Amino acid sequence: QVQLVQSGGGLVQPGGSLRLSCAVSGTRLVLYTMAWYRQAPGNERELLAALSGESSNTKYADSVKGRFTISKDNGKNTAYLQMNNLKPEDTGVYYCGGGFGSLTDTPSYWGQGTQVTVSS
């Protein structure tokens with residue numbers, strides 16, 4: 001059974017940084033495309049960043065390009081989202097997702113979500 005367990009998140013001031021983690025069990029991370037999504041209040045869940053399994057190709061939303069970095073540690077079976085220069089509009093619930101699809105396919109499995117609030 002595949003499980004994704006998220007950690008990280010919380011309250012940060014504008015301009016600050018956070019790192020989210022997504023620990024994967026039940027499969028080998030090297031085979032998976034991993035992605036991070038955000039859902040702001042009243043909005044649909046949007047794709048922020050994706051990282052393919054073996055080729056390590058990446059895709060970023062324009063809103064986070066240059067500020068967010070998706071990565072993974074295959075040895076730890078964990079994916080990460082490093083978020084720098086955070087803005088109030090980055091506030092929302094962040095979800096990691098994984099599956100065998102392409103960079104833009106909807107993930108098959110989801111983490112539980114974690115709240116990120118950017119506010120002074």
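Scroll up to find the structure this text is about.
Residues numbered from 1 in each chain as written. Predicted model: local features only at pLDDT ≥ 70, side-chain atom pairs only at ≥ 80, totals over all residues. Heavy atoms only, no water.

Trainee: Give me the overall build of the protein: which residues, what numbers.
Mentor: The helix and strand tally for the protein stands at 0 helices and 11 strands. Listing the helices and strands of the protein from first to last along the sequence gives β-β-β-β-β-β-β-β-β-β-β. Against the globule reference of 14 Å for 120 residues, the protein gives a C-alpha radius of gyration of 13 Å, in line with a compact fold. The C-alpha extent of the protein, read off along each of the three principal axes, is 40 × 25 × 25 Å. Considering the protein as a whole, with its 120 residues, one finds that 47% of them fall into the buried category. Long-range pairs, those at least 24 residues apart, make up 56% of the contacts in the protein between residues at least 6 apart in sequence. Taken as a whole, the protein presents about 6,000 Å² of accessible surface, with 44% of it coming from carbon and sulfur. (Helix = DSSP H or I, 4+ residues; strand = E, 2+ residues; numbered from the N terminus. Rg over C-alpha atoms; globule rule 2.2 N^0.38 Å. Buried < 20%, exposed > 50% of the residue type's maximum accessible area, 1.4 Å probe, protein only. Contact = heavy atoms within 4.5 Å. Areas by Shrake-Rupley, 256 points an atom, 1.4 Å probe, with all protein chains shown as cover.)

Trainee: Give me the lowdown on the nonpolar core, citing residues and values where you can.
Mentor: Cys22, Met34, Phe68, Leu81, Met83 and Tyr94 are the most contacted members of the largest nonpolar core, which totals 27 residues. Secondary-structure elements contributing two or more residues to this core are β3 (18-25), β4 (33-39), β5 (46-51), β7 (68-73), β8 (78-83), β9 (92-99) and β11 (114-118). The element that contributes the greatest number of residues to this core is β3, accounting for 4 residues. In contact with Met34, other than residues within four places in its own chain, are Leu4, Cys22, Val24, Leu29, Ala49, Ala50, Leu51, Ile70, Ala79, Gly97 and Gly98. Grouped together as the second largest cluster of nonpolar side chains are 5 residues, Ala35, Tyr37, Leu47 and Ala50 included. (Core = buried A, V, L, I, M, F, W, Y, C linked by side-chain atoms within 4.5 Å.)

Trainee: Run through the state of the cysteines, naming residues and quoting values.
Mentor: Within the structure shown, the criterion is met by 1 disulfide. A disulfide bridge connects Cys22 with Cys96, and the sulfur atoms are separated by 2.1 Å. Between Cys22 and Cys96, the S-S torsion sits near 60°, and that sign places the bridge as right-handed. One end of the pair, Cys22, is in strand β3; the other, Cys96, is in strand β9, with 74 residues separating them in the sequence. Across the pair, exposure class does not vary: Cys22 and Cys96 are buried alike. (Disulfide = S-S within 2.5 Å.)

Trainee: Requested: an account of the environment of Leu103, with residues and values cited.
Mentor: The residue Leu103 is located in the loop between β9 and β10 (109-110) in this model. Each C-alpha atom, one on Leu103 and one on Met34, is 8.0 Å from the other, the two residues being 69 residues apart in sequence. Beyond its immediate stretch of four places on either side in the chain, Leu103 contacts Thr33, Leu47, Ala50, Leu51, Ser52, Asn57, Thr58 and Lys59.

Trainee: Lay out the pattern of salt bridges with the relevant residues and their values.
Mentor: For the coordinates displayed, the defined rule picks out 4 salt bridges. As a salt-bridge pair, Glu46 and Arg38 come within 3.0 Å of each other at their nearest N and O atoms. Exposure remark for Arg38: the relative accessible area of 5% places this residue in the buried category. Asp90 is the partner of Arg38 in a salt bridge, and the nearest nitrogen-oxygen pair spans 3.0 Å. (Salt bridge = Lys/Arg side-chain N within 4 Å of Asp/Glu carboxyl O.)

Trainee: Provide a residue-level description of the sheet that holds β7, including the pertinent values.
Mentor: If you walk across this open sheet you meet the 4 strands as β1-β3-β8-β7, and the pairing is antiparallel. Here the strands that pair on one side only, and so sit at the sheet edges, are β1 (3-7) and β7. Going across the sheet, the axis of each strand differs from the next one's by a mean of 20°, ignoring polarity. Bridge analysis of β1 against β3 gives 5 bridges, and the strand direction is antiparallel. Directly across from Gln3, in β3, lies its bridge partner Ser25. (Pairing = 2+ DSSP bridges. Axes fitted to C-alpha atoms, helices over the stretch in contact; angles between N-to-C directions.)

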